[in-house]
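A closer look at the structure
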Amino acid sequence: MLQNYEAEVKTETPDKASATLHQLQTALIRYTLPGWGLPHPQTNRVSAKEIKAAKTFMKKISLEQLKNALEVQMSVYEQLKVPSGSQRTYRHALNKLLEFCDDQNWWQLETKVERRPLKKKDCAKYVRTTKRKRQEYYALGAVKGDVIPEALRKQFIEFAEFVSEDLKQSPISVRWALQGAYQGLGWLYRYENVPPDELSLETLIQYVPLKTEIDNLPVRMELAEQLLRQEEVRRKAMQAADATEIRLRKYLSWIRKERKAHPGTEYAFLRACLNVAKFLYRFETNKHEVASYDDVPVIKRIRVLIRDVSKRQRTAPSPVDISKKWLPWEDWLDVVETLRQECCQAAYICGKKRLLGGTAHSLQCYLMCAFFTYIPPMRQQVIRGLEVGHSLLWEDNRWYIYLRPDEYKTGKVYGEFRCEVSNPDFGDGTRFYDYIEAWLYDCSKLSGLSKLNLPGGLRATYKAEHNFFFTQKNREPMKQHTLSEYIRHAAYRIKGQAVTAHLLRDMFVSHLMELGCSDADMNAVAIAMHHSPETQRAIYDKRTKEKKAAPGVHLARQIVENAIKRKTDVTD
């Protein structure tokens, strides 16, 4: 059996065969066979004599015994108090051997949920959805050796606080604003040769005093002279706007030509520059008389640039090959159903009893995908931010999602939001709420997990240090990247498509459009997804033009056929 496995590894992954087989040797001799009675190695390095003795000992181990190898390995781990990092490494090595045995049908296993077999590098993280090559970093602070002056560092802290507290933007918007500013300053430093000690936000967006300069004019100044001074201030402001526009256009031209940037990248940068300008001119606008900084020339100029880029963005082809990520909604439903069945399995594919950590991970992955499926898909930050007793409420024997205006992206427009979490019946005696209960409280209602006695549900195995519904293994709240990886890996493993959390919104809306749902239904979906019907059609409807035109073509054919039928009836 070992010889066959070694041959398989050397054929499939010749560049990694030596390391893989060495890990397996350690996993067997040091952490598994001692559980069946083999003397434990006496030194840190396994000797040739010990390896020979282990191979002889292994001949006494039957395939039936080998099915329980992971459980035996765990008992050795506990006895030796092996660090968790080493446990994962050698558990993985042993599990690969057991999977190989299963592929050869060397033992009969209970029926398992069918999974898509993974090949070498057959993982979502290796999926490339663009042909663009990774380019060198240029943002200030992104390159090793960059030194950010203390004054600029403090200015960035004040800028972040302003965007968050004064402009009331979300944490991710704050990050985008900071990133855009760092990129602009990095370009000035690396390609425009601006010395580091001269870098500041004013280097990117030129600043001249406006309101404060005019307010500080002497009270007894002659009216004519006062008007001349005011006009001089406005002229300087226009010159600053001109200089800033030239600098920004030069940067946008550079990222288009040198870095082949998509208009969406230009748009994100200009939005960051708009925030920088608002920060610099926060005391130079008359908020009581003029709305939205419209009395600041440089801000008006940036908005013109944003409108120009927006027009190009709407017609520019996507830089991403969406065919590698897209799934018809029915296929996505298959993914979610597969995850539901998997999370109730009490055994690994090798037949060994499943560890609590694996079961908890499986259940959380299913719940995560279910919340994007059983109700119209919300933005991923809403799902990540679900908190029992705050945004996820249990009332009148139902679960509800309740969001305050500052807890979701378009809350300023749509205000408080509340909707019921649907509770579909799966036809096997369970409903969706049973899985939520297994996660939060106990597993008694799920047949595969009913024997688990876990006060606090499977979520308690993570020992989370917060009250959010979803959690990471490090006990912290779920991060954007982690949630995205859960969904990408699950969809790719089951259906071979690297689906993203945000793409689920496109997939759902496009599916409903193809079904020909009424305007009333689509408006209701738009409300549930926190956007307008116009946004729904412009952004989330990803049907091809052929599919969009199909109902019109069908209608024209119907009209012709009806006309022919009426003419035939008259003739008869």
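All of these numbers come straight from a predicted model, not from anything done at the bench.

To continue, consider the sheet that holds strand β1 (residues 392-395). Spatial strand order, β1-β2-β3: 3 strands in an open sheet with antiparallel pairing. In this open sheet, the two strands that pair with only one neighbour each are β1 and β3 (417-420). Each neighbouring strand pair of the sheet contributes to a mean axis angle of 30°, computed without reference to strand direction. Summarising the sheet, strand β2 (residues 398-403) and β3 pair through 4 bridges and their orientation is antiparallel. From the neighbouring strand, Tyr 400 faces β3, where its bridge partner is Glu 420.

Glancing now at helix α23 (residues 545-571). The end-to-end C-alpha separation of α23 is 39 Å, in line with the 39 Å expected for 27 residues at 1.5 Å each. Along its length, α23 shows its largest kink, about 30°, at Pro 551.

The next thing to look at is the pairing of β2. The buried count for β2 comes to 5 of 6 residues, which makes it a mostly enclosed element. As judged from the 4 bridges shared by β1 and β2, these two strands associate in the antiparallel manner. From the neighbouring strand, Leu 393 faces β2, where its bridge partner is Tyr 400. Between β1 and β2, which pair antiparallel and follow one another directly, the connecting turn spans 2 residues, one of which, Asp 396, has a positive phi of 55°.

Here the focus is the confidence of the model for the protein. Across the protein, the average pLDDT comes to 87, with 93% of residues at 70 or higher. Below pLDDT 50 for its whole length, residues 108-121 participates in 30 contacts with residues either more than four positions away or in separate chains.

We now examine the nonpolar core. By size, the foremost hydrophobic cluster in this structure holds 68 residues, and its most contacted members are Trp 332, Tyr 366, Leu 367, Phe 371, Ile 401, Phe 432 and Phe 469. Sorting elements by how many residues they give to this core places helix α15 (residues 356-371) first, with 9 residues. The contact partners of Phe 469, leaving out residues within four places of it in the chain, are Leu 367, Phe 371, Leu 386, Glu 387, Val 388, Leu 392, Ile 436, Trp 439, Leu 440 and Arg 459. One finds Ala 177, Ala 181, Val 276 and Leu 305 within the second-largest nonpolar core, a separate group that totals 50 residues.

Attention now goes to α15. Residues separated by three or four positions in an α-helix point in the same direction, a consequence of the helix having 3.6 residues per turn. Between the first and last C-alpha of α15 there are 22 Å, a value that for 16 residues agrees with the 22 Å anticipated at 1.5 Å per step. Where burial is concerned, most of α15 is hidden: 12 out of the 16 residues are buried. The set of residues buried in α15 consists of Thr 359, Ala 360, Ser 362, Leu 363, Gln 364, Cys 365, Tyr 366, Leu 367, Met 368, Cys 369, Ala 370 and Phe 371. Contacts from the buried residues of α15 go to α14 (329-343), α16 (380-384), β1, β2, α18 (432-440) and α19 (480-495).

Counting across every chain of the model gives 26 aromatic pairs. Judged by centre distance (6.0 Å) and plane angle (45°), the rings of Tyr 374 and Phe 426 are tilted. Here Tyr 374, found in the loop between α15 and α16, pairs with Phe 426, found in the loop between β3 and α18; they are 52 residues apart in sequence, far enough to count as distant. Summarising the burial analysis for this pair, Tyr 374 and Phe 426 share the class buried.

Another aspect to go through is the packing of helix α7 (residues 150-166) against helix α12 (residues 263-280). Between α7 and α12, whose axes approach to 10 Å, the crossing angle comes to 100°. Accordingly, the angle class assigned to the pair α7 and α12 is roughly perpendicular. For the pair α7 and α12, contact is made by Gln 155, Glu 158, Phe 159, Phe 162 and Val 163 and by Ala 272, Asn 275, Val 276, Lys 278, Phe 279 and Leu 280, respectively. Residue classes in the contact of α7 with α12 are distributed as 7 nonpolar, 2 polar and 2 charged.

Reading the values: rules and limits
- Residues numbered from 1 in each chain as written.
- Predicted model: local features only at pLDDT ≥ 70, side-chain atom pairs only at ≥ 80, totals over all residues.
- Heavy atoms only, no water.
- Pairing = 2+ DSSP bridges.
- Helix = DSSP H or I, 4+ residues; strand = E, 2+ residues; numbered from the N terminus.
- Axes fitted to C-alpha atoms, helices over the stretch in contact; angles between N-to-C directions.
- Expected span 1.5 Å × (residues − 1).
- Bend = angle between axes of the 7 residues up to and from the residue.
- Buried < 20%, exposed > 50% of the residue type's maximum accessible area, 1.4 Å probe, protein only.
- pLDDT = per-residue confidence, 0-100.
- Contact = heavy atoms within 4.5 Å.
- Core = buried A, V, L, I, M, F, W, Y, C linked by side-chain atoms within 4.5 Å.
- Phe/Tyr/Trp six-rings, centres within 6.5 Å; stacked < 30°, edge-to-face > 60°.
- Parallel < 35°, antiparallel > 145°, perpendicular 65-115°, else oblique.
- Nonpolar A, V, L, I, M, F, W, Y, C, P; charged D, E, K, R; others polar.

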